[in-house]
Amino acid sequence: MRFDLSSMGVMALAVASALSTAWWLNHADARGQAQAATPAPVHAAAEGTPGQVLKAADGHYWADALIDADKGPRAVRVMVDTGASVVVLTPEDAARLGLRLKAGDFSRTIITASGPVRAAPVALQTVAVAGTRVEQVEALVVEQGLPHSLLGMSYLGRLSSFSATPAGLTLRP
């Protein structure tokens, strides 16, 4: 069996993505129990046109999301993750969006595959992917340990539908 540098890079990305998915699956279970007694907030429907996110060579759906937080819209590279209950930002992406978080803002502890991680809840004014825009999107900024930002169900769940094929993911407002 032979491994080259390219194969090792793909393997490392696959392992990191699997760990982040496991992390968010654990988080989704805890949130689901906590929200059972709380009615879901009412949000406006998604707007725009249907769009497509192509599947990358690594097997994941990667998208350039246009996110407006505090500094106006900025592009953020995100991995689409239906196992993530919310949009999740790395500290670096949050800083680029103008979110200035202090240590005290990280008020939630999320249990992940790698152990507990602190996270700061934030509200994003808009998130737009492939022509499909959603306003007032719940998100979390993790303090550390996430290799890339995730496009989770706080965005995807507001669409009228999304569907996956071997070639891509179709988003419908």
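Preceding block: the structure.
Residues numbered from 1 in each chain as written. Predicted model: local features only at pLDDT ≥ 70, side-chain atom pairs only at ≥ 80, totals over all residues. Heavy atoms only, no water.

Novice: I keep staring at the pattern of salt bridges and nothing clicks. Help me out?
Specialist: A side chain with one charge may pair with a side chain of the opposite charge, provided their charged atoms come close. Considering all chains together, one arrives at six salt bridges under this definition. Among the salt bridges present, the one from Lys102 reaches Asp105, with a minimum N-O distance of 4.0 Å. Taking relative accessible area as the criterion, Lys102 reaches 57% and is therefore assigned exposed. A salt bridge links Arg118 to Glu143; the nearest nitrogen and oxygen atoms lie 2.9 Å apart. Placement of the pair is Arg118 in strand β7 (residues 115–129) and Glu143 in the loop between β8 (132–142) and β9 (149–151), with a sequence separation of 25 residues. The partly exposed category is assigned to Arg118, whose relative accessible area is 33%. Of the residues examined, Glu143 reaches a relative accessible area of 31% and is grouped as partly exposed. Salt bridges sharing partners connect three or more residues here, namely Glu47, Arg133 and Glu135. (Salt bridge = Lys/Arg side-chain N within 4 Å of Asp/Glu carboxyl O. Buried < 20%, exposed > 50% of the residue type's maximum accessible area, 1.4 Å probe, protein only. Helix = DSSP H or I, 4+ residues; strand = E, 2+ residues; numbered from the N terminus.)

Novice: Help me understand the environment of Gly168, please; the structure alone is not making it clear to me.
Specialist: By secondary structure assignment, the location of Gly168 is in strand β11 (residues 168–172). Judged by its relative accessible area of 0%, Gly168 falls in the buried class. Separated by 115 residues in sequence, Gly168 and Val53 place their C-alpha atoms 5.5 Å apart. Ignoring anything within four residues of it in the chain, the contact list for Gly168 reads Gln52, Val53, Leu54, Lys55, Tyr61 and Ser163. (Contact = heavy atoms within 4.5 Å.)

Novice: Is there a simple way to explain the side chain of Thr90 in this structure?
Specialist: Here Thr90 shows up in the loop between β5 (87–89) and α2 (91–96). Exposure remark for Thr90: the relative accessible area of 4% places this residue in the buried category. When residues no more than four places from it in sequence are discounted, the contact partners of Thr90 are Val141, Leu146, Pro147, His148 and Ser149.

Novice: Which parts of the structure should I look at to understand the pairing of strand β4 (residues 73–80)?
Specialist: For a regular strand, side chains alternate in direction, first toward one face of the sheet and then toward the other. The sheet contact formed by strand β3 (residues 62–68) and β4 spans seven bridges and is antiparallel. Residue Ala63 lies in a different strand from β4, and its bridge partner there is Val78. In this structure, the hairpin formed by β3 and β4 is closed by a connection of four residues, where Gly72 is found at a positive phi of approximately 90°. Here β4 runs beside β9; their pairing, made up of three bridges, is parallel. What sits directly across from Met79, in β9, is Leu150. (Pairing = 2+ DSSP bridges.)

Shape descriptors only; they carry no functional weight alone.
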